[in-house]
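Chain and residue survey
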Amino acid sequence: MTTFSLSDFSSPDAVHMRFMQQALYEAQKAASIGEVPVGAVIVHKNRIIARGHNQVEMLTDPTAHAEMIALSAAVGHLGEKYLPSCTLYVTLEPCAMCAGALVWAKLGKMVIAAQDDKAGACGSIFNIAANNKLNHRIEVLFGIMEAESSALLSDFFKNLR
């Protein structure tokens, strides 16, 4: 696990960038095994407690998204099903499945690098994360290291063609 002190950073954006860099590292791991390059880390008390990257193809499991893998690891680490004091850093906006699971887990915050105009469920197409009809809403911040995440995704799909 990686620990960072808030005094190591000059601003909240620097904190977000440091953790998003770790999510981007996970996304690069996904790309290196032929998976769509999405990575996620979950932070609790300024410490990364869980990591995940897409493993859909490798596991032949449509639920093996980076967020779901990190979510399972985080609840296992904390021994709790709810994560209100945790922040998810993810390189691409979660889909409806992942956003729903994160709401059910009562995640506190989510920092998203790039929006997903085709399947995003945290503000782009749907907004499950902030739906007033659900019993929990997640605070969401977009755009931290968006260019880097978008470039990784673009390069991956360009190389696929």
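Refer to the structure printed above.
Here's a quick rundown of the structure.

Now for a nonpolar patch on the surface. There is a patch of nonpolar side chains on the surface, built from Ile 33, Met 58 and Leu 59 and spanning about 280 Å² of accessible area. For Ile 33, the location among the structural elements is in the loop between helix 1 (12-32) and strand 1 (39-44). Among the residues examined, Ile 33 registers a relative accessible area of 42% and is labelled partly exposed.

Our focus in this paragraph is the sheet that holds strand 4 (residues 109-114). With respect to topology, five strands assemble into an open sheet ordered 2-1-3-4-5, the strand pairing being mixed. Only two strands of the sheet have a single neighbouring strand rather than two, namely strand 2 (47-53) and strand 5 (139-142). Across this sheet, the average inter-strand angle for adjacent strands is 15°, counted without regard to direction. The pairing of strand 1 with strand 2 spans six bridges and is antiparallel. Note that in strand 2 the partner of His 44 across the bridge is Arg 47.

This next bit is on the environment of Val 41. Position of Val 41 relative to the elements: it lies in strand 1. A sequence separation of 10 residues divides Val 41 from Arg 51, and the C-alpha atoms of the two residues are 4.4 Å apart.

Interhelical geometry of helix 3 (residues 66-78) versus helix 4 (residues 96-104) gives an angle of 20° and a closest axis separation of 9 Å. Of the possible angle classes, the one that applies to helix 3 and helix 4 is roughly parallel. In this structure, helix 3 crosses over helix 4, and the sense of that crossing is left-handed. For the pair helix 3 and helix 4, contact is made by Glu 67, Met 68 and Leu 71 and by Met 97, Cys 98, Ala 101 and Leu 102, respectively.

By size, the foremost hydrophobic cluster in this structure holds 28 residues, and its most contacted members are Ile 42, Leu 88, Val 90, Leu 102, Leu 107, Met 110 and Ile 138. Put simply, the parts of the chain that give this core at least two residues each are strand 1, strand 2, helix 3, strand 3 (86-92), helix 4 and strand 4. The residues contacting Leu 102, other than those within four sequence positions of it, are Leu 71, Leu 88, Pro 94, Leu 107, Met 110 and Ile 138. Judged by nonpolar contacts, the second largest core, of 15 residues, contains Ala 23, Val 43, Val 111 and Ile 144.

Turning to the side chain of His 16, a few remarks are in order. Position of His 16 among the secondary structure elements: in helix 1. The exposure class of His 16 is buried, given its relative accessible area of 18%. Here the side chain of His 16 touches Tyr 89 through a polar contact of 2.9 Å, side chain to side chain.

Here we come to helix 1. Taking 1.5 Å per residue, 21 residues should reach 30 Å; helix 1 reaches 30 Å between its end C-alpha atoms and fits that length. Just past helix 1, the residue Gly 34 takes up positive phi, approximately 80°.

The next subject is the layout of surface pockets. When its volume is computed, the largest pocket comes out at roughly 450 Å³. At the level of secondary structure, the elements contributing two or more residues to the lining of the largest pocket comprise helix 2 (56-59) and helix 5 (146-160). Broken down by element, the lining of the largest pocket gets its largest block of residues, three residues, from helix 5. Among the residues making up the lining of the largest pocket, the classes are represented as 10 nonpolar, four polar and seven charged. Roughly 200 Å³ of volume is contained in the second largest pocket. Lining the second largest pocket are 12 residues, with Val 15, Asn 46, Thr 87, Tyr 89 and Lys 109 positioned closest to its centre. Those elements giving two or more residues to the lining of the second largest pocket turn out to be helix 1, strand 1 and strand 3. Counting residues per element, the lining of the second largest pocket draws most heavily on helix 1, at four residues. A per-class count over the lining of the second largest pocket returns six nonpolar, four polar and two charged.

Calculation rules
Residues numbered from 1 in each chain as written. Predicted model: local features only at pLDDT ≥ 70, side-chain atom pairs only at ≥ 80, totals over all residues. Heavy atoms only, no water. Patch = residues over 30% accessible without salt bridge, like charges linked within 9 Å, V, L, I, M, F, W, Y side chains within 5 Å. Areas by Shrake-Rupley, 256 points an atom, 1.4 Å probe, with all protein chains shown as cover. Salt bridge = Lys/Arg side-chain N within 4 Å of Asp/Glu carboxyl O. Helix = DSSP H or I, 4+ residues; strand = E, 2+ residues; numbered from the N terminus. Buried < 20%, exposed > 50% of the residue type's maximum accessible area, 1.4 Å probe, protein only. Pairing = 2+ DSSP bridges. Axes fitted to C-alpha atoms, helices over the stretch in contact; angles between N-to-C directions. Parallel < 35°, antiparallel > 145°, perpendicular 65-115°, else oblique. Left-handed = near helix turned anticlockwise from the far one by under 90°. Contact = heavy atoms within 4.5 Å. Core = buried A, V, L, I, M, F, W, Y, C linked by side-chain atoms within 4.5 Å. Polar contact = N/O pair within 3.5 Å; in protein donor to acceptor, adjacent residues only side chain to side chain. Expected span 1.5 Å × (residues − 1). 1 Å grid on protein atoms, 1.4 Å probe; cavity = no way out; pocket = protein on both sides within 12 Å on 5 of 7 lines; lining within 4 Å. Points joined across faces, edges and corners; volume = space filled by probe spheres on them. Nonpolar A, V, L, I, M, F, W, Y, C, P; charged D, E, K, R; others polar.

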